Amino acid sequence: MNTNVAPEIREVMEALHYRPSVSVILPFKTKINLETELKYAFKIASDKVEQELTDSYPAEMAALVMKKLTEIIRNITVDKSKKGIAIYVSPVFEKVLFLDVAVEEKIIIDESFEIRDLVYSKKQLHKYLVLLLSGKESRMYLGNTGDFMRVISGMQETIDAFENDVPERDANFSDVSDRKEIMLYKFLHHIDGSLDAVLDEYHLPVFVMGAEKLLGQFKQITKHQKAVAAFIHGNYEESSMTQLKELLRPFVGEWKKVKQNELMHKIDEAAGKKKLAVGMKEVWRDAMQNKGQLLIVEKNFMYAAQRGGIEDVLYDVTGSTNQFSFIKDAVDDVLEKVLANGGDVEFVDEGGLEKYKHIVLINFY
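In short, a report on the structure. This structure is a prediction, so every number in the text was calculated from the model and none was measured. (Residues numbered from 1 in each chain as written. Predicted model: local features only at pLDDT ≥ 70, side-chain atom pairs only at ≥ 80, totals over all residues. Heavy atoms only, no water.)

**Things to note about the pattern of salt bridges**
At step 1: Per the stated rule, a full pass over the model turns up 20 salt bridges.
At step 2: When the shortest N-O distance is used, the salt bridge between Lys 95 and Glu 11 registers 2.8 Å. Of this pair, Lys 95 sits in strand S3 (residues 93-99) while Glu 11 sits in helix H1 (residues 7-14); the two residues are 84 residues apart in sequence, bridging distant segments of the chain.
At step 3: The salt bridge partner of Asp 332 is Arg 116, with a shortest N-O separation of 3.7 Å. Remark: Arg 116 occurs in helix H4 (residues 116-123) and Asp 332 occurs in helix H9 (residues 330-340); sequence separation between them is 216 residues. (Salt bridge = Lys/Arg side-chain N within 4 Å of Asp/Glu carboxyl O. Helix = DSSP H or I, 4+ residues; strand = E, 2+ residues; numbered from the N terminus.)

Spelled out as structure tokens, the structure:
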């Protein structure tokens, strides 16, 4: 099992195969009357699950799973800051996860759990950090496509905290501006040091905002240049959250474009070294042979298929497909296989891999 996988994903993967596995994934469509909306959605989902379990599994097994699902739904406390929820239940496993990414409603009863939305959520492609600097204070925010949240990092957020931190031999400066420069230097160093813990927790790009001269000073002393996606010049101390989001929009868009271009460069490089599988059938073959280092797939691409006579062969669905050979979505099976064997997964927007049949696998070199 890949130890770099987020604990939530690893836990679900370790419980993947134990029939019947039930995945209920629901979006939070509105923040108004969310509890009422979800109560109705849970009721509909629960009825669907019960019907399919009753039709396809022994009564005792169906009753056990339904009892677990009913208990989970009854005790859920909704996190309104999230965009969806994933509930995983089997005879031996149960898990509730709130998702940071918008999802489509899915109810899946199969031999394994639906983990694509969980993996996509944890990749955090839609998240970033914002460090707002001024000559008086600093503020840190966690941003995404919809919200800003203040990050409490433990850093001293005002320069006044360093007023008495100037060594005595420096304290006799006749020029007050020299003293202020020393305080600012210490303040910026402290902020940069505090970024260690923040970046260790979030692993996200940072957009640093502030006056041009101040950002120039911070750029000279920071140890985190590689984590900074952009330095954005301006006085934003009085800006509202809405204004900050609008200001950041083009910079975040450019950053995402750069990340997508980096993935395309990796694809081209792998193709030149004959280490690239293109399209679902080639990707399936190499993934089942444990060759997969990096799976890159369009975020909503799905592929129904049927297993061949041997594990690494995949066929298109035909009229003769039976329940033992049919695969509802081969992409999810490949995703699971790549992660379990030490590889990684990245997502691109729809159409981003059109010339590569929507999915590629870069093999270990």
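Further notes follow.
**Things to note about the pairing of S3**
At step 1: For strand S2 (residues 84-90) and S3, the ladder comprises seven bridges, and the chain directions are antiparallel. Looking at the pairing, Ser 90 lines up with Phe 93 of S3.
At step 2: In sequence, S2 turns back onto S3 through a hairpin of two residues. (Pairing = 2+ DSSP bridges.)

**Some remarks on the packing of aromatic side chains**
At step 1: For the structure on display, the rule yields seven aromatic pairs.
At step 2: For the ring pair Tyr 120 and Phe 347, a centre distance of 5.0 Å and an interplane angle of 85° mean the geometry is edge-to-face. Taken together, the positions of Tyr 120 in helix H4 and Phe 347 in strand S15 (residues 344-348) put the pair 227 residues apart, joining distant regions of the chain. This pair shows no difference in class: Tyr 120 is buried, exactly as Phe 347 is.
At step 3: When the centroid spacing of 5.5 Å and the interplanar angle of 85° are considered together, the rings of Tyr 128 and Phe 207 count as edge-to-face. Taken as a pair, Tyr 128 in strand S5 (residues 128-133) and Phe 207 in strand S8 (residues 206-210) lie far apart in primary sequence, 79 residues in all. Grouping residues by exposure puts Tyr 128 and Phe 207 together as buried.
At step 4: Chaining the aromatic ring pairs together yields one cluster made of Tyr 88, Phe 93 and Phe 113. (Phe/Tyr/Trp six-rings, centres within 6.5 Å; stacked < 30°, edge-to-face > 60°. Buried < 20%, exposed > 50% of the residue type's maximum accessible area, 1.4 Å probe, protein only.)

**Quick word on the nonpolar core**
At step 1: Within the largest apolar cluster, 42 residues are counted, with the highest numbers of intra-cluster contacts made by Met 280 and Leu 295.
At step 2: Ranked by the residues each element gives to this core, the list is headed by H9, at six residues.
At step 3: Among all residues touching Met 280, those that are not within four sequence positions of it are Phe 301, Tyr 303, Leu 314, Ala 330, Val 331, Val 334 and Ile 359.
At step 4: Judged by nonpolar contacts, the second largest core, of 23 residues, contains Leu 129, Leu 133, Leu 195 and Leu 204. (Core = buried A, V, L, I, M, F, W, Y, C linked by side-chain atoms within 4.5 Å. Contact = heavy atoms within 4.5 Å.)

**With respect to the sheet that holds S8**
At step 1: The strand order across the open sheet formed by five strands is S7-S6-S5-S8-S9, and the pairing between neighbours is mixed. Only two strands of the sheet have a single neighbouring strand rather than two, namely strand S7 (148-150) and strand S9 (228-233). Strand-to-strand twist of the sheet, defined as the mean angle between neighbouring strand axes without regard to direction, takes the value 25°.
At step 2: Bridge analysis of S5 against S8 gives four bridges, and the strand direction is parallel. Each bridged residue has a counterpart across the sheet, and for Val 130 the counterpart in S8 is Phe 207.
At step 3: Across the face of the sheet, helix H6 (residues 212-221) comes into contact with S5, S8 and S9 while running at roughly 150° to S9.
At step 4: Helix H7 (residues 241-272) contacts S5, strand S6 (138-143), S7, S8 and S9 of the sheet and is inclined by roughly 130° relative to S8. (Axes fitted to C-alpha atoms, helices over the stretch in contact; angles between N-to-C directions.)

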